[in-house]
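What follows is the residue order along each chain.
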Amino acid sequence: MDYLKKKLLDIATPEVETVRKLVKEHGDTVIQEITMGQVLTGMKGIVGLLTCTSKLDPEEGIRFRGYSINELKEKLPRIHEDGEPLPEGIFYLMLTGELPTNEDVKYVSNQWAQRAQSIPSHVFNVIEALPIDAHPMIQFNNAILAMSTESQFRKAHLTGMDKKDYWDPMYEGVMDLIARLPVIAAYIYRRVFHNGNHIAADPSLDWAGNLAHMMGHSSEEAKRLMRLYMVIHSDHEGGNVSAHATHLVGSALSNPYYSFAAGMNGLAGPLHGMANQDVMHWLNKLKREIGTDDPSEEQIKKYAEETIAKGQVIPGYGHAVLRKTDPRFQVQLDFANKYIPDAPYIKLANKIYNVVPEVLKSTGKVQNPWPNVDAISGSLLTSFGIDEYRIYTVLFGVSRSLGVLTQLIWDRLYGLPIERPKSQNLQWFEDQVKK
């Protein structure tokens with residue numbers, strides 16, 4: 001057993017026993033009251049999942065195993081002293097709950113580099129069989145499903161094994177899948193947007209740096225951006241659509257490829273991972289209708305007020321849980337102001353940030369008028385030459401694999417059963433009101 005799997009098992013064993021004890025000794029304990037409104041408006045605020053990788057705090061933003069975004073910038077290993085944390089590090093942290101050393105990160109990076117070299121040829125044949133104008137997320141998801149022929153979990157389950165050992169082949173499958181996603185994403189990107197002129201992987205590069213390289217964006221700043229992007233999009237609690245869908249399908253003992261594909265179908269929705277595209281479309285519409293690429297803050301304020309008056313939303317602003325500026329927005333803004341402060345889209349993002357929150361607050365209807373992660377991610381990517389908006393959700397998906405697939409390993413370690421909540425028809429809800 002390799003050292004990371006042994007470490008994980010050593011850490012997990014007492015936690016697994018705790019879960020079993022909670023179910024056995026406290027299974028009837030009431031932990032929360034649920035209102036009808038919560039059920040009928042998307043189950044917001046209902047605690048219904050066990051997730052260990054991250055937690056969303058309304059005031060502080062996302063915390064990964066207890067660490068904030070700003071803390072991770074300082075504590076996770078980096079290639080450059082003034083650089084951005086490596087995604088391999090946040091994966092290790094979410095998997096083990098411990099901050100990694102430089103050697104830990106090198107181990108994960110080397111593992112992924114090796115595993116990325118063994119993608120079956122039929123996966124690329126599946127991609128090529130799709131129309132070139134099919135949305136990149138369609139191509140991405142089909143490739144993920146095509147890779148399931150290699151599922152170590154499926155093969156192990158078919159041969160028969162003790163369910164307490166399910167985590168082991170799940171770990172192997174997760175490591176394989178995460179390793180291969182940058183190759184798949186870059187292949188789709190070059191196929192759709194660069195005439196199929198593909199760029200070979202460079203195994204000497206880190207996971208995110210190699211993705212930037214294979215996409216054809218090989219400047220050191222572009223690699224730094226990709227590392228930052230992959231870290232801050234990597235997880236977001238367990239109840240968001242992509243995380244929950246991955247967990248739900250995995251609870252049926254589906255392999256990691258099936259489970260992750262389900263999560264990616266959810267991520268592709270405009271209320272989730274496709275929101276960054278909506279932001280870019282809104283920005284470009286704003287520029288067209290105002291009639292300039294460099295509108296003033298007063299012009300932006302008027303346009304925002306007109307948008308709200310029409311009953312439309314300003315994409316990238318507001319969040320279901322957060323009640324302040326999303327720290328993921330802030331670290332991206334800091335990155336942009338550090339490297340490309342005069343880029344047109346960054347200047348525009350800064351102006352919007354100065355204006356839109358006050359416009360939204362003035363309506364008296366918006367609980368959180370502050371920007372979320374999507375408000376600037378597309379502007380940042382575009383400013384570094386990745387201006388093909390349709391690839392943004394694929395990049396989001398590559399990043400999100402780090403959290404949701406790590407949690408899938410823990411689901412099997414905990415021995416969580418198949419998820420099966422109770423449902424009722426409308427008459428039942430009406431009867432509850434009468435009671």
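Summarised in this report is the structure supplied together with it. The structure presented is a predicted model; accordingly, all values stated were derived computationally and were not measured.

**Topic: the environment of L50**
1) Next: Structurally, L50 is set in the loop between α2 (36-40) and β1 (54-57).
2) Next: The class for L50 is partly exposed, based on a relative accessible area of 38%.
3) Next: Not counting chain neighbours up to four residues away, the residues in contact with L50 comprise V19, Q407, D411, Y414 and L416.

**Describing the pairing of strand β2 (residues 61-64)**
1) Next: With four bridges joining them, β1 and β2 adopt antiparallel strand pairing. Within β2, the residue paired with K55 across the bridge is R63.
2) Next: In textbook terms, the turn of a hairpin is the stretch between consecutive antiparallel strands, and for β1 and β2 this stretch comprises three residues.
3) Next: Across two bridges, the pairing between β2 and strand β3 (residues 67-68) is antiparallel. Opposite R63, over in β3, you have S68 as the bridge partner.
4) Next: Hairpin geometry of β2 and β3 is characterised by an intervening segment of two residues between the two adjacent antiparallel strands and by a positive phi of about 50 degrees at R65.

**Quick word on the side chain of H213**
1) Next: Position of H213 relative to the elements: it lies in helix α10 (residues 207-215).
2) Next: Judged by its relative accessible area of 18%, H213 falls in the buried class.
3) Next: Discounting chain neighbours no more than four positions away, the residues touching H213 are I199, A200, A201, D202, L205 and S218.

**Overview of a nonpolar patch on the surface**
1) Next: On the surface, I34, M36, V39, L40 and V433 cluster together to form a nonpolar patch covering roughly 440 Å² of accessible area.
2) Next: Of note, L40 is situated in helix α2.
3) Next: With a relative accessible area of 53%, L40 lands in the exposed category.

**Section: α10**
1) Next: For α10, a buried count of nine out of nine residues is recorded, marking the element as mostly surrounded by other parts of the structure.
2) Next: Those residues of α10 not exposed but buried are W207, A208, G209, N210, L211, A212, H213, M214 and M215.
3) Next: The positive-phi residue at the C-terminal boundary of α10 is G216, with phi of around 100 degrees.

**Topic: unusual backbone geometry**
1) Next: Of note in this structure, N195 is not a glycine but carries a positive phi near 55 degrees.
2) Next: Topologically, N195 is positioned in the loop between α9 (167-193) and α10.
3) Next: The phi dihedral of E237 is positive, around 65 degrees, even though this residue is not glycine.
4) Next: Within the element layout of this structure, E237 appears in the loop between α11 (220-232) and α12 (241-250).

**Details of the nonpolar core**
1) Next: Core analysis: the largest hydrophobic core is formed by 121 residues, its most contacted members being F140 and I184.
2) Next: With 17 residues, the top contributor of residues to this core is α9.
3) Next: Among all residues touching I184, those that are not within four sequence positions of it are I119, V123, F124, I127, F140, A143 and M147.

**Looking at the sheet that holds β1**
1) Next: What the three strands build is an open sheet, ordered β1-β2-β3; its pairing is antiparallel. Two strands close off the open sheet at either side, each with one partner strand: β1 and β3.

**Structural notes on the pattern of salt bridges**
1) Next: Tallied over the full model, the rule gives 21 salt bridges.
2) Next: The closest approach of N and O atoms between K6 and D10, which form a salt bridge, is 3.2 Å. Of the two residues, K6 and D10 both sit in helix α1 (residues 3-26), four residues apart, roughly one turn of that helix.
3) Next: A residue is classified by how much of its surface remains accessible, and K6, at 46% relative accessible area, is partly exposed.
4) Next: Residue classification places D10 among the partly exposed positions, given a relative accessible area of 46%.

**Observations regarding the packing of aromatic side chains**
1) Next: Applying the stated criterion across every chain yields a total of 13 aromatic pairs.
2) Next: Ring centres of F124 and Y187 lie 4.8 Å apart, and the angle between their planes is 55 degrees; on these two criteria the pair is classed as tilted. Pair noted here: F124 is in helix α6 (residues 121-129) and Y187 is in helix α9, with a separation of 63 residues, a long-range link.
3) Next: In this structure Y187 comes out as buried when scored by relative accessible area, which is 16%.
4) Next: Both rings, one in Y389 and one in Y392, keep their centres 5.7 Å apart while their planes meet at 50 degrees; by these two values the pair is tilted. As far as burial versus exposure is concerned, Y389 and Y392 are alike and both buried.
5) Next: Ring pairing ties together the aromatic residues F91, W112 and W207, which thus form one cluster.

Here is what the cut-offs are and how they apply
Residues numbered from 1 in each chain as written. Predicted model: local features only at pLDDT ≥ 70, side-chain atom pairs only at ≥ 80, totals over all residues. Heavy atoms only, no water. Helix = DSSP H or I, 4+ residues; strand = E, 2+ residues; numbered from the N terminus. Buried < 20%, exposed > 50% of the residue type's maximum accessible area, 1.4 Å probe, protein only. Contact = heavy atoms within 4.5 Å. Pairing = 2+ DSSP bridges. Patch = residues over 30% accessible without salt bridge, like charges linked within 9 Å, V, L, I, M, F, W, Y side chains within 5 Å. Areas by Shrake-Rupley, 256 points an atom, 1.4 Å probe, with all protein chains shown as cover. Salt bridge = Lys/Arg side-chain N within 4 Å of Asp/Glu carboxyl O. Core = buried A, V, L, I, M, F, W, Y, C linked by side-chain atoms within 4.5 Å. Phe/Tyr/Trp six-rings, centres within 6.5 Å; stacked < 30°, edge-to-face > 60°.

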